[in-house]
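Survey of secondary and tertiary structure
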Amino acid sequence: MYLRPGNLLRDFVVEKQYIGTTDMGRTTRYFLPTGKVLTGVLTEANYNVRFLWQQRQHPVTHTIVQNGTRLIADVGDRLTLGSRVFYVQGRDDISDLGISTLFYVEERDDYSDTRAGSGSYSG
């Protein structure tokens, strides 16, 4: 298989988290699209990264490497890639040189809908 560098890049739709209450007074979280797109390379997190974030009580399943340090997504935001959904657990400016940003994300499938902006997650 021949892979060119551009083939690895994926476009993730960024959705911001909002907190509201239902008519019954229950607190819910919902996500709305911000109109921003994060372009990066998606990889599975290795064992050491998973273990470190599990100790912090924030499980991580994947990492996304973005070129540059533009603040496109923040902790608590949701990234969608087709039918896949990733929750941003943390981010890191690798080596503080402004070359790239590493996002630590958790892939989840316990949401009510896969369409951008329409899924809600109570918790």
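As a starting point, this report considers the structure included with it. Just so it is clear, the model here is predicted, and its values are computed rather than measured.

Throughout the structure, instances matching the rule amount to five aromatic pairs. Centre to centre, the rings of Phe12 and Phe86 are 6.0 Å apart; their planes meet at 85°, and the pair counts as edge-to-face. Pair noted here: Phe12 is in strand β1 (residues 9-21) and Phe86 is in strand β5 (residues 84-93), with a separation of 74 residues, a long-range link. For the pair formed by Phe12 and Phe86, the shared burial category is buried. The cationic tip of Arg56 hangs over the ring face of Trp53; the distance from NZ or CZ to the ring centre is 4.8 Å. Positioned above the aromatic ring of Tyr87 is the side chain of Arg108, whose terminal nitrogen or guanidinium carbon lies 5.8 Å from the ring centre.

Within the element layout of this structure, Gln66 appears in strand β3 (residues 62-67). Judged by its relative accessible area of 1%, Gln66 is buried. If we skip the residues at most four places from it in the chain, Gln66 touches Leu38, Thr39, Gly40, Ile72, Ser100, Thr101 and Phe103.

Sheet analysis places strand β2 (residues 27-44) next to β3, joined by five bridges and oriented antiparallel. The residue of β3 that forms the bridge with Leu42 is Ile64. Sheet topology note: the β3/strand β6 (residues 100-108) ladder contains six bridges and is antiparallel. Bridged to Ile64 within β6 is Phe103.

On to the pattern of salt bridges. For the structure on display, the rule yields five salt bridges. Put simply, Arg84 and Glu107 hold a salt bridge, and the shortest N to O gap is 2.8 Å. Of this pair, Arg84 sits in strand β5 while Glu107 is found in strand β6, placing the two residues 23 residues apart along the sequence. On the accessibility criterion, Arg84 (31% relative accessible area) is partly exposed. Judged by relative accessible area, Glu107 falls into the partly exposed class, the value being 29%.

Scoring rules and cut-offs
- Residues numbered from 1 in each chain as written.
- Predicted model: local features only at pLDDT ≥ 70, side-chain atom pairs only at ≥ 80, totals over all residues.
- Heavy atoms only, no water.
- Phe/Tyr/Trp six-rings, centres within 6.5 Å; stacked < 30°, edge-to-face > 60°.
- Helix = DSSP H or I, 4+ residues; strand = E, 2+ residues; numbered from the N terminus.
- Buried < 20%, exposed > 50% of the residue type's maximum accessible area, 1.4 Å probe, protein only.
- Lys NZ or Arg CZ within 6 Å of the ring centre and 35° of its normal.
- Contact = heavy atoms within 4.5 Å.
- Pairing = 2+ DSSP bridges.
- Salt bridge = Lys/Arg side-chain N within 4 Å of Asp/Glu carboxyl O.

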